[in-house]
Amino acid sequence: VIQPDGQNPEVNTDNNYAEASVTHYSPTDVPFTVDFSDDTQRGDWASDDSWAYDSDYYFAMTCVGTTPLVSRGINLEAGKAYRLSYNYMAGMNFLGIFQVTEDYEIILGEDGTDPADWDVVEQFSQIYTNDAFVDGEVTFTVPTNGVYSLGFRQAAPQGTFYLASTSVTEVMPYDLTV
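Residues numbered from 1 in each chain as written. Predicted model: local features only at pLDDT ≥ 70, side-chain atom pairs only at ≥ 80, totals over all residues. Heavy atoms only, no water.

Enquirer: Could you give an account of unusual backbone geometry, naming the residues involved and the relevant values?
Expert: Following Val30, the chain continues into Pro31 via a peptide bond in cis, with omega recorded as 5°. Within the secondary structure, Pro31 is located in the segment before strand 1 (32-35). For Leu95, which is not glycine, the phi torsion reads 55° and is therefore positive. You can see Leu95 is positioned in the loop between strand 8 (92-94) and strand 9 (98-100). (Helix = DSSP H or I, 4+ residues; strand = E, 2+ residues; numbered from the N terminus.)

Enquirer: So what's going on with the pairing of strand 10 (residues 102-110)? Residues and values would help.
Expert: Within strand 10, 7 of the 9 residues are buried, which leaves the element mostly enclosed by the surrounding structure. When strand 10 meets strand 11 (residues 119-127), the two strands line up antiparallel, connected through 6 bridges. Looking at the pairing, Ile107 lines up with Val120 of strand 11. Judged from the 6 bridges that link them, strand 10 and strand 13 (residues 146-153) form a sheet pairing that is antiparallel. Across the sheet, the residue bridging to Ile107 is Gly151, located in strand 13. (Buried < 20%, exposed > 50% of the residue type's maximum accessible area, 1.4 Å probe, protein only. Pairing = 2+ DSSP bridges.)

Enquirer: Tell me about a nonpolar patch on the surface, and please be specific about residues and values.
Expert: On the surface, a cluster of nonpolar side chains totalling about 400 Å² of accessible area is made up of Leu95, Ile97 and Phe98. Along the chain, Phe98 turns up in strand 9. Given a relative accessible area of 46%, Phe98 falls into the partly exposed group. (Patch = residues over 30% accessible without salt bridge, like charges linked within 9 Å, V, L, I, M, F, W, Y side chains within 5 Å. Areas by Shrake-Rupley, 256 points an atom, 1.4 Å probe, with all protein chains shown as cover. Salt bridge = Lys/Arg side-chain N within 4 Å of Asp/Glu carboxyl O.)

Bear in mind that shape data such as this cannot, by itself, settle questions of function.
So, in structure tokens, the structure goes:
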């Protein structure tokens, strides 16, 4: 290291250490299931500090910012229908004094593109799940074969939207949900 004028050269270089890790994900296939309480699976969806894992109470991902929570790339084929199933809790009732609801979108786009440009699969407004986790699902298709990512996005998070698990499966022609 070349020191600026008037500075002494560094004497102790034993403490010059940095460590980081990089995870390279290859695209995954359907079915693709993640339980966010399992720390080995949690990294299959990513965000900046807009989403955090609540390990104290709900054991789920919670949204506290506006950047979407985005899945790793998933190999999807045109002409096939897919289902995103998810277990979530939205909104909160504060001792009967007032109730908070949540608005969110499920988005889909080609892996590696800007999530701001992704298509909205479905939009949900004023959701309150009675302070309980419930199951939700959406179905979708893609226009061409490729690697796609899904995302959960909130424009104005209240901090009461929790996501416990997700699953992407192919909808079979004879599919029946009971």
